[in-house]
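A structural walkthrough
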Amino acid sequence: MKLFKSKENRSSGSDNGRREFLQRIGLGSLAISLFGFTFQSIRSLIPNVLFEPSRKFKIGFPAQLSEGMTYIEDMRLYVFKEGQTYHAISGACTHLGCTVRYTKLNQPKTVEIQGEQKTISHEFHCPCHGSKFYADGTNYAGPAPRPLHWYRLEVSPDDGQLVADMTEEVDQNYRLTV
Ligand code: FES
């Protein structure tokens, strides 16, 4: 009889221990779920903001720009100065967006672009799938479906610096004269 009682006591003791253990697990899971829910709720209040550089930016004073080509790497923009005139051509290939390379020709060549004979001394070549563009950005080889984009240049009214406006496309005849 004594033996039986002690077994009963032992069994009820282990039941209690198990119950306590399961309660702890339950409370732990609840705490983790609550924490997750609270974190997600707070996170949803914070907007996902993507900080991108402005597509309208100053390049420098016209007189400081070198004659010929200046490449603005972080904006992938080629800016050309020819005496008093300036124009800007995008470095983004119109096929899948790789950066085209300014390629100086060994000697100038004459090409026909839209029925007009032009002598060019450089081109743009895309390293990804081999598209090629004449100096004015006209595509003539490879899979690129369109010419490179041209963007507006203007003079800042505050300080006279050149401003590239990559939000506004212009045609290939556009020149800024300063
Ligand atoms: S991305 Fe330039 S040719 Fe494909």
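Let me sum up the structure you'll find in this document. (Residues numbered from 1 in each chain as written. Predicted model: local features only at pLDDT ≥ 70, side-chain atom pairs only at ≥ 80, totals over all residues. Heavy atoms only, no water.)

**Looking at the overall build of the protein**
For clarity, the threshold we go by: Where helices and strands are cited, they refer to DSSP runs of H or I of at least four residues and of E of at least two residues respectively, numbered from the N terminus. Whether a residue is buried, partly exposed or exposed follows from its accessible area with a 1.4 Å probe, protein chains only, as a fraction of its type maximum: under 20%, in between, or over 50%, in that order. Accessible surface is estimated by sampling points in the Shrake-Rupley manner with a 1.4 Å probe; for residues, cover comes only from the protein chains shown.
When helices and strands are counted, the protein shows one helix and 11 strands. Ordering the α and β elements of the protein from the N terminus gives α-β-β-β-β-β-β-β-β-β-β-β. Within the span of the protein, comprising 178 residues, buried residues form 30% of the whole. Accessible surface, the protein: about 12,100 Å² in total, of which carbon and sulfur atoms supply 56%.

**Topic: unusual backbone geometry**
Of note in this structure, R76 is not a glycine but carries a positive phi near 50°. Within the secondary structure, R76 is located in the loop between β2 (68-72) and β3 (77-82). Judged by relative accessible area, R76 falls into the partly exposed class, the value being 28%. Of note in the backbone geometry, Q114 takes a positive phi value of approximately 50° without being a glycine. Within the fold, Q114 resides in the loop between β5 (101-113) and β6 (116-125).

**Examining the side chain of T138**
Here is the rule we go by: The definition of a polar contact used here is a pair of N or O atoms within 3.5 Å, where within protein one atom must be able to donate a hydrogen and the other to accept one, and adjacent residues in sequence count solely through side-chain atom pairs. Contacts were defined at the residue level, with two residues in contact if any of their heavy atoms lie within 4.5 Å.
Tracing the backbone shows T138 in the loop between β7 (132-133) and β8 (139-141). Within polar-contact distance, the side chain of T138 engages the side chain of D136 at 2.8 Å. Contact partners of T138, with chain neighbours within four places excluded, come to I113, K132, F133, P147 and Q172.

**A word on the environment of G97**
One can find G97 in the loop between β4 (85-90) and β5. We classify G97 as partly exposed; its relative accessible area is 26%. When the C-alpha positions of G97 and A144 are compared, they lie 9.5 Å apart, and in sequence the two are 47 residues distant. Once residues lying within four places of it in the same chain are set aside, the contact partners of G97 are R76 and A92.

**Let's talk about the sheet that holds β7**
Just so we agree on the cut-off: We treat two strands as partners when DSSP finds at least two bridges between them.
Overall, antiparallel pairing links the four strands, which are arranged β5-β6-β7-β8 in an open sheet. In this open sheet, the two strands that pair with only one neighbour each are β5 and β8. Here two bridges tie β7 to β8, and the two strands are oriented antiparallel to one another. Following the sheet pairing, F133 is matched in β8 by N139.

**Comments concerning the side chain of E123**
Mapped onto the elements of the fold, E123 is located in strand β6. Taking relative accessible area as the criterion, E123 reaches 2% and is therefore assigned buried. There is a polar contact of 2.7 Å between the side chain of E123 and the side chain of H125. Separated by 2.8 Å, the side chains of E123 and Y140 make a polar contact.

Any functional reading would require information that these geometric values do not contain.
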